[in-house]
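One-letter residues, chain by chain:
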Amino acid sequence: MNVPFPHRAPLRRKAAFGLTVFVGFWVIAELTLRVVGFRFSTNVETMAFTFPIDEFNDNSEQPFLQRDDHLFWKPKPYVLGHNSRGMIGPEFTDSKPSGVFRIVCIGDSCTHFGPDSYPEKLQTLLNESAPGRFEVINAGCIGYTSFQGLTLLREQVLNWSPDLVTVYFGWNDHWLAKGYRDVEQESVTPEASTLKETFESLRVCQFLEWSLNRVSAPSTLSMRVEPDEYRQNLRTMYDLCSQSGTDIWYLTAPHAFEHGLPEFLRTSGEVADPTKVAQLHDSYNAVVRTVAEDLDTVCLDLASQFNDMDKRPLFVEDHIHLSDAGRLLASKTLLESLDRHGILDQSSRTDK
């Protein structure tokens, strides 16, 4: 004999009533927040970095940076010498030309800019010594850290079948973060973007995000990319390149702070202690050397090389970015390494 459960119907009614109350509260809250004009965007448009993207655009000859869901920002195509991909230099195809050794240089503004950046100068030197056999792509971008470089490598660079990737980071990695480190910044993955955009459009979700941000925002100073993260980013770059059969060389980033510290470092909030910025930067260069040694790959130690020279003609006024002479020296160092490793002597190559 079946025994009736007299409480089943009331439980269902209670559940339905609770759901109705919840939905009603959500709808009322959503409408109220919209009526009062509350909005809190959590997408890439509101990310806060030490690197002032919008301010940089406002003070440039022509605004050339745009926000990006994956890289945080990137140069605009066809602006100030950038090609259709937003990279300085001539157009290139994803498919590497037959018989060509392709080199992709990733890095920050020290790689990105010239006039006549060191990747451009390297291309000129290679054209003189081995016409038509080498292609150098400048994939550097102002303000980038190794975190952004790793993203660029994973999502784009390795699709171009490079034979060699060179890596020149360090400066932006150890500038102070505004609130969140690069790895904590909110970015969008392709598979999640539609669902994410849907939730972000709801004011209630925005209000909850705003509340959580106010409660959980870090109060301690931290670098955009902490030393351990920097080390891991460099190692992951190596792993990705190895999996695709691509060589990777690391470059240390020289400076000339013994001849003066740029004034903006004292006022921009990029460093906690301006008197120790040289020591801090040297510690990041030490990470590069250690990673290269551990992985048994090439480290072009520009920092040590420049230390043995008169640095003053090798840098512009900020003592961070290389002058024309400094960029030429960096390109010659790369050329000599290509020669030393027998790459210039190779008369034929098999495409990957």
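Rules behind the numbers
- Residues numbered from 1 in each chain as written.
- Predicted model: local features only at pLDDT ≥ 70, side-chain atom pairs only at ≥ 80, totals over all residues.
- Heavy atoms only, no water.
- pLDDT = per-residue confidence, 0-100.
- Contact = heavy atoms within 4.5 Å.
- Helix = DSSP H or I, 4+ residues; strand = E, 2+ residues; numbered from the N terminus.
- Axes fitted to C-alpha atoms, helices over the stretch in contact; angles between N-to-C directions.
- Left-handed = near helix turned anticlockwise from the far one by under 90°.
- Nonpolar A, V, L, I, M, F, W, Y, C, P; charged D, E, K, R; others polar.
- Salt bridge = Lys/Arg side-chain N within 4 Å of Asp/Glu carboxyl O.
- Buried < 20%, exposed > 50% of the residue type's maximum accessible area, 1.4 Å probe, protein only.

Caption draft 1: View of the confidence of the model for the protein chain. Here the protein chain averages 85 in pLDDT, and 79% of its residues register 70 or above. In this model, residues 188-192 is a region of pLDDT below 50 whose contacts with residues beyond four sequence positions or in other chains number six contacts. Here residues 347-352 is a poorly scored stretch, pLDDT under 50, and it has 17 contacts once near neighbours within four places are set aside; other chains count.

Caption draft 2: Representation of the environment of His82 within the structure. Turning to its location among the elements, His82 is positioned in the loop between strand 2 (72-75) and strand 3 (101-107). Once you skip the residues sitting within four places of it in the chain, His82 turns out to touch Phe64, Pro75, Lys76, Pro77, Met87, Ile88 and His112.

Caption draft 3: Structural context of the packing of helix 8 (residues 227-243) against helix 10 (residues 277-295). In contact at an axis separation of 10 Å, helix 8 and helix 10 are set at 35 degrees when each is read in the N-to-C sense. For helix 8 against helix 10, the interelement crossing comes out right-handed. On the side of helix 8, the interface is formed by Pro227, Tyr230, Arg231, Leu234, Arg235 and Tyr238, while helix 10 contributes Tyr284, Val287, Val288, Val291, Asp294 and Leu295. Residue composition of the contact of helix 8 with helix 10, grouped by class: nine nonpolar, no polar and three charged.

Caption draft 4: Spatial organisation of the pattern of salt bridges. The final tally for this structure, using the stated rule, is 14 salt bridges. In this structure, the salt-bridge partner of Glu135 is Arg102, at a minimum N-O distance of 2.7 Å. Linking Glu135 in strand 4 (residues 134-138) with Arg102 in strand 3, this pair joins segments that are 33 residues apart in sequence. We classify Glu135 as buried; its relative accessible area is 16%. Residue Arg102 is classed as buried on the basis of its relative accessible area, which comes to 0%. In this structure, the salt-bridge partner of Glu184 is Arg181, at a minimum N-O distance of 3.0 Å. Looking at Glu184, the relative accessible area reads 37%, which means it is partly exposed. One salt-bridge network, in which partners are shared between bridges, spans Lys121, Asp324 and Arg327.

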